[in-house]
Amino acid sequence: MFSLSPVVRVLLILNVLVFLITNESIIQQFGLHSFLSDKFNPIQLLTHMFLHGGFNHIFSNMIGLVVFGPMLERYWGPKRFTFFYFFTGLGAALLFSGINYFEMHDVYETVQSYRASPSYESFLAFVDQHAGSYYDGLAPFIEKFRVYPTDGTNIQDSVTIVNRIFTNQVDEPMVGASGAIFGVIMGYGLLFPNTQLFLLFPPIPVKAKYLVIFYGAIEIYSGLYRAQSDNVAHFAHIGGMLFAFILVKYWGSQRKTFY
């Protein structure tokens with residue numbers, strides 16, 4: 001039985017209540033959109049932390065919160081834990097958004113270039129480089145475009161398709177408390193590194209510091225090697241851990257002031 005601390009209890013209740021009323025319209029309005037999207041709103045840097053894409057998503061995040069959060073809150077107190085939670089969540093969002101901007105700006109430049117000079121070869125190159133997951137669905141059009149590369153209708157349709165692919169990518173919202181949760185896990189590992197945790201899969205004991213190292217390594221690998229098919233914001237997880245590391249180390253250096 002988990003013993004919930006006050007702030008953890010409030011965060012848990014808020015996340016569950018928001019999940020129960022969440023629909024696609026709410027996700028589109030309050031999920032975190034790319035800086036390049038017309039749907040971006042600065043408030044989304046905060047609101048996305050209370051939205052989740054499904055039961056498994058919220059369940060895994062809330063398990064992390066109730067397992068690791070209470071000890072941190074009791075160690076720091078409610079105010080500092082609350083600041084830590086939102087600091088790491090916002091840090092995760094900023095790192096994710098910054099990398100997303102860098103990646104999507106390259107796509108944006110390619111789209112602009114294609115609009116100026118569309119052709120079958122450049123269309124195929126765009127799909128190969130930036131929209132590989134769309135290839136099967138576009139196969140009939142690609143074949144038609146190959147056979148009639150100078151047909152005006154095909155050229156215009158290709159521009160429309162490129163615009164739609166870019167819009168779909170840039171308007172895809174990121175949701176979830178995962179950045180803050182990974183920050184909480186990192187904070188726990190830094191403050192209580194030798195605490196023995198018992199894993200469910202596999203059912204073995206492991207020290208907190210090794211669990212943090214394992215999670216961090218997995219997220220860095222997945223982020224750098226583009227594990228996009230799993231639909232997970234790996235750089236948000238990395239951001240949460242990074243900002244947690246910075247804040248815990250800073251607070252540690254100010255121990256005489258705060259403790």
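Details of the structure are given in the entry above.
Rules of the game
- Residues numbered from 1 in each chain as written.
- Predicted model: local features only at pLDDT ≥ 70, side-chain atom pairs only at ≥ 80, totals over all residues.
- Heavy atoms only, no water.
- Helix = DSSP H or I, 4+ residues; strand = E, 2+ residues; numbered from the N terminus.
- Buried < 20%, exposed > 50% of the residue type's maximum accessible area, 1.4 Å probe, protein only.
- Areas by Shrake-Rupley, 256 points an atom, 1.4 Å probe, with all protein chains shown as cover.
- Lys, Arg positive; Asp, Glu negative; His and termini not counted.
- Charge placed at Lys NZ, Arg CZ, Asp CG, Glu CD.
- Salt bridge = Lys/Arg side-chain N within 4 Å of Asp/Glu carboxyl O.
- Contact = heavy atoms within 4.5 Å.
- Polar contact = N/O pair within 3.5 Å; in protein donor to acceptor, adjacent residues only side chain to side chain.
- Core = buried A, V, L, I, M, F, W, Y, C linked by side-chain atoms within 4.5 Å.

1. As for the overall build of the chain
- Within the chain, the secondary structure is distributed over 12 helices and 2 strands.
- Going residue by residue from the N terminus, the α and β elements of the chain occur as α-α-α-α-α-α-α-α-α-β-β-α-α-α.
- Its C-alpha atoms put the chain at 70 × 35 × 35 Å along the principal axes.
- Within the span of the chain, comprising 259 residues, buried residues form 42% of the whole.
- Only carbon and sulfur atoms are counted for the fraction: they give 64% of the accessible area of the chain, which is about 14,200 Å².
- Charge-centre separation for the chain: the mean point of 15 positive side chains lies 22 Å from the mean point of 16 negative side chains.

2. So, the pattern of salt bridges
- This model, assessed by the stated rule, comprises 1 salt bridge.
- With its nearest N and O atoms 2.7 Å apart, the salt bridge here joins Arg 146 to Glu 143. Of this pair, Arg 146 and Glu 143 both sit in helix α7 (residues 135–147), 3 residues apart, roughly one helical turn.
- Judged by relative accessible area, Glu 143 falls into the partly exposed class, the value being 38%.

3. With respect to the environment of Met 241
- Looking at the element boundaries, Met 241 is found in helix α11 (residues 234–253).
- Since its relative accessible area comes to 5%, Met 241 is described here as buried.
- Ignoring anything within four residues of it in the chain, the contact list for Met 241 reads Phe 182, Gly 183, Met 186, Val 212, Tyr 215 and Gly 216.

4. With respect to the side chain of Gln 44
- With respect to the helices and strands, Gln 44 occurs in helix α3 (residues 44–47).
- Reaching out from Gln 44, the side chain makes a polar contact with the backbone oxygen of Gln 29 at a distance of 3.1 Å.
- If we skip the residues at most four places from it in the chain, Gln 44 touches Gln 28, Gln 29, Phe 30, Gly 31, Leu 32, His 33 and Lys 39.

5. Looking at the nonpolar core
- In terms of nonpolar packing, the biggest core is built from 34 residues, with Leu 65, Phe 81, Phe 84 and Tyr 85 touching the most fellow members.
- For this core, the elements supplying multiple residues, two or more each, are α1 (6–21), α4 (55–76), α5 (78–116), α9 (178–191), α10 (208–224) and α11.
- Setting aside its immediate chain neighbours within four residues, Tyr 85 contacts Leu 11, Asn 15, Met 49, Leu 65, Ala 177, Ala 180, Ile 181 and Val 184.

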